[in-house]
Amino acid sequence: MADLNTEAKLKQLLKQEKIQLWNPPFTDQETNDPGQQHMTELAERFAPLLHLPVSEVGGALESIRVQALKRGKGNRTFRETSVATLELLLPRDAKKEPKVKTYLETRLDISVQQLVDRLERHKERLDQQGVKNHSKMMVLKVSDSEWRQEVENQNQNLQRTHKGFQILSERDGSEDPSTTPFLEIADQKGNPLKIPQQEKKALIVAMGFHEKGRSLMKRKRYDDAVLHLLQADCHFSRCGSTLLSSVDNFAVLQLDIVWCYRALEALSCLDDARVRLQRAEECFLQCYGEQQQRLLRIKGNTGREEVLFLRLHLLQSLLAYIEGNDSQARLLLSKVESLYVRLCPDSEKMARLLDLGFTEREARLGLRACQGDLQEAAVHISNRRQEKEELKEREHQKRRKRLENISTLSELGFCRRDAARALHRADGNVDRAYEILVESSRVVTATNNNNTEVAVSPEKVEQLLYLGFERSSSETALRLTGDDVPSATQLLLDNHGVLSSDLLAPPPTSSSTTSSPSSEEPSTSSSSPDDSDVVNEVLEDISRHEEDYLDLTLEEESELMALMKAYLTTGPTHAV
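Only a predicted model underlies this, so the values are computations on that prediction, with no experimental measurement involved.

Reading guide: rules and limits
- Residues numbered from 1 in each chain as written.
- Predicted model: local features only at pLDDT ≥ 70, side-chain atom pairs only at ≥ 80, totals over all residues.
- Heavy atoms only, no water.
- Helix = DSSP H or I, 4+ residues; strand = E, 2+ residues; numbered from the N terminus.
- Buried < 20%, exposed > 50% of the residue type's maximum accessible area, 1.4 Å probe, protein only.
- Axes fitted to C-alpha atoms, helices over the stretch in contact; angles between N-to-C directions.
- Parallel < 35°, antiparallel > 145°, perpendicular 65-115°, else oblique.
- Left-handed = near helix turned anticlockwise from the far one by under 90°.
- Contact = heavy atoms within 4.5 Å.
- Nonpolar A, V, L, I, M, F, W, Y, C, P; charged D, E, K, R; others polar.
- 1 Å grid on protein atoms, 1.4 Å probe; cavity = no way out; pocket = protein on both sides within 12 Å on 5 of 7 lines; lining within 4 Å.
- Points joined across faces, edges and corners; volume = space filled by probe spheres on them.
- Patch = residues over 30% accessible without salt bridge, like charges linked within 9 Å, V, L, I, M, F, W, Y side chains within 5 Å.
- Areas by Shrake-Rupley, 256 points an atom, 1.4 Å probe, with all protein chains shown as cover.
- Salt bridge = Lys/Arg side-chain N within 4 Å of Asp/Glu carboxyl O.
- Lys, Arg positive; Asp, Glu negative; His and termini not counted.
- Charge placed at Lys NZ, Arg CZ, Asp CG, Glu CD.
- Phe/Tyr/Trp six-rings, centres within 6.5 Å; stacked < 30°, edge-to-face > 60°.
- Lys NZ or Arg CZ within 6 Å of the ring centre and 35° of its normal.
- pLDDT = per-residue confidence, 0-100.
- Expected span 1.5 Å × (residues − 1).

Below, the discussion takes up the overall build of the protein chain. For the protein chain, the count of helices and strands is 24 helices and 3 strands. Burial status across the protein chain gives 45% buried among its 576 residues.

This is the structure in structure tokens:
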């Protein structure tokens, strides 16, 4: 890491003096050999500025010169043959020479599978995925003998994780939660959030991949973790910006991705890491407020969330150091040290709280929430326990009442899935839900009788697709509303973007028929045994504690702080 710091400072000095090491007199144009005398003079001139030995500065300058030559050669090759040069970021234990960079020449109009038989699901071309000449690619280490099996296992894990959370995202709670679990997105107080159906699905899958990634991080499996976290990032991108700016999940994800970069020693991906940390900081400010006043209003304290800022500033300090900005790195590290003193729990106070019957997690979070006050922490933890029990009881009563209402509506001849959606629209009011179901059936039936042969305009279908609705539902809605976009949009919104076959048909005439999930309903309502296994697998990775992401022991952070402090106090270095 120190060599990256030195090179960054030298590059700034070279830029200031407009020195190009790949040109004479620093490089012989015919042989590309270094101009020894001029390189030595340059090293002797820069060494005092950096307070480093001449030999060390000379080695760093030669490294910069060789990189510049290779980059120039790569640019010429790319212009003439369209063959790009990529830098591979290998794990430390996969490198024979830690300081020697690994390059790969390849065309960009090939698939990832052709480049390296790593992830079979990547069929897109490299250039279509944003890979350019001189791009950097992270390579995760797998031994030769395990290569095929490891690739297959990673693919299967990603696919099963996606399938499990996809199933959960499509469940609406119309079944008994004890046999058919479903996920609900709630605010800090446990109140369900009203989110458009498509956005809710994307959010559940994104949060699911994030939880899986965090679970792998706890087991130090950072290579697998980063794959799941990047999948989470992809699914979060399908959520609206308004939603992402109102919750801290997206910001925490960015921190976790960069933390994995650090663990995999891939922090030379400076551009991506910098963008992610900036994104995280902006999201935290939007969620919590400039002075965390919004967080204080919601939770009553800000102590627990400060660990996120500790990790954020620590990673920012690390990046500043790698970029050669020692003064900024020191400033950020001082913030980290100040936070660490406040957030690292006192062992004696922790022991006292454990003696009172509280868990280690409760004690740690309680002390942070109460700025280390033992008595206040005990009261806080007790209050939190009571609040959770009350919330759990309210949730139990609400779900029991909801199932009763769904059963009541199904006895009147309505599909349980449509009954659940109607209850959701009616905020749990069974009478209003009944009116919604009857009105929907009446409108659809009347429209069906009059517009069964209505031609659907492809342009209008595209308008609805642009709004986020699915093609089949969009075409059905337009057909039912006489190809009228506003009416079709309203119909789709009323039914959360899904027009099921049960909703399109009038209720059965016989009131004695009790509806249950039919074969025409999505398979996620009545899962197969394999689906149940997949769901149970992914549920195991979801923490049962809502503040698990805040319960950092700070052991890893402490190690990185000590490393950063050692680098920054090695000598009187200066930011250039």
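What follows concerns the packing of helix α9 (residues 249-263) against helix α12 (residues 306-322). In contact at an axis separation of 11 Å, α9 and α12 are set at 45° when each is read in the N-to-C sense. Between α9 and α12, the crossing angle belongs to the class labelled oblique. Viewed along their axes, α9 and α12 form a crossing whose handedness is left-handed. Contacts between α9 and α12 involve V252, L255, D256, V258, W259 and R262 from the first element and L308, R311, L312, L314, L315 and L318 from the second. Of the residues in the contact of α9 with α12, the class split is 9 nonpolar, no polar and 3 charged.

Further remarks concern empty space enclosed by the protein. Inspection of the entire model under this criterion finds 6 cavities of 30 Å³ or more. Volume-wise, the largest cavity comes out at about 110 Å³. Considering the residues around the largest cavity, the lining is formed by R304, E362, L365, G366, H380, I381, R384, K388, H545 and E547. Among the elements of the structure, α15 (360-369) and α16 (374-411) are those that each provide at least two residues to the lining of the largest cavity. Looking at the lining of the largest cavity, the element that brings in the most residues is α16, giving 4 residues. A class-by-class count of the residues in the lining of the largest cavity yields 2 nonpolar, 3 polar and 5 charged.

We now examine a positive patch on the surface. A grouping of K70, K73, R76 and R79 is seen on the molecular surface, where their side chains present a positively charged patch. Topologically, K70 is positioned in helix α3 (residues 54-81). You can call K70 partly exposed: its relative accessible area is 37%.

Further remarks concern the environment of A263. Residue placement: A263 occurs in helix α9. Between the C-alpha atom of A263 and that of M217, which follows or precedes it by 46 residues, the distance is 9.7 Å.

Looking now at the packing of α16 against helix α17 (residues 416-425). For the pair α16 and α17, the least separation of the axes is 9 Å and the interaxial angle reads 125°. The orientation of α16 relative to α17 falls into the category oblique. Considering how the two elements wind past one another, α16 and α17 form a crossing that is right-handed. Here R402, L403, N405, I406, S407, L409 and S410 of α16 come into contact with α17, specifically with R416, A419, A420 and L423. Considered class by class, the residues forming the contact of α16 with α17 number 6 nonpolar, 3 polar and 2 charged.

A few words on the packing of aromatic side chains. Counting across every chain of the model gives 6 aromatic pairs. Between F284 and Y288, the ring centres sit 5.5 Å apart and the planes meet at 20°, which makes this aromatic pair stacked. Here the residue F284 and the residue Y288 both occupy positions in helix α10 (residues 270-288), the gap between them amounting to 4 residues, near one helical turn. Three or more aromatic residues joined by ring pairs form one cluster here, namely F284, Y288 and F309. Across the ring face of W259, the terminal group of R262 is positioned such that the distance to the ring centre comes to 4.1 Å.

On average, residues of the protein chain carry a pLDDT of 79, and 77% of them reach 70 or more. The low-confidence segment residues 117-123 (pLDDT under 50) makes 21 contacts with residues lying over four places distant or belonging to another chain.

The next subject is unusual backbone geometry. With an omega of 5°, the peptide bond running from P24 to P25 counts as cis. If you trace the backbone, P25 turns up in the loop between α1 (2-16) and α2 (36-50). For N32, which is not glycine, the phi dihedral falls at a positive 65°. With respect to the secondary-structure elements, N32 resides in the loop between α1 and α2. For N32, a relative accessible area of 41% translates into the label partly exposed. The backbone of H51 shows a phi angle near 55°, a positive value even though the residue is not glycine. Assignment of secondary structure puts H51 in the loop between α2 and α3. For H51, a relative accessible area of 42% corresponds to the partly exposed category.

On to the environment of F309. Of note, F309 is situated in helix α12. Judged by relative accessible area, F309 falls into the buried class, the value being 13%. Considering only alpha carbons, one finds F309 and K335, 26 residues apart in sequence, at a separation of 9.3 Å. What F309 contacts, discounting residues up to four positions off in sequence, is F284, Y288, Q292 and L339.

Further remarks concern α1. Helical periodicity: at 3.6 residues per turn, an α-helix aligns residues three or four positions apart in one direction. The end-to-end C-alpha distance of α1, which contains 15 residues, comes to 21 Å, matching closely the 21 Å that a straight helix rising 1.5 Å per residue would cover. For α1, the full list of buried residues reads N5, T6, E7, A8, K9, L10, L13 and L14. Considering only its buried residues, α1 is in contact with α2, α3, α12 and α13 (326-343). With its phi angle positive at about 55°, K18 sits one or two positions after the end of α1.

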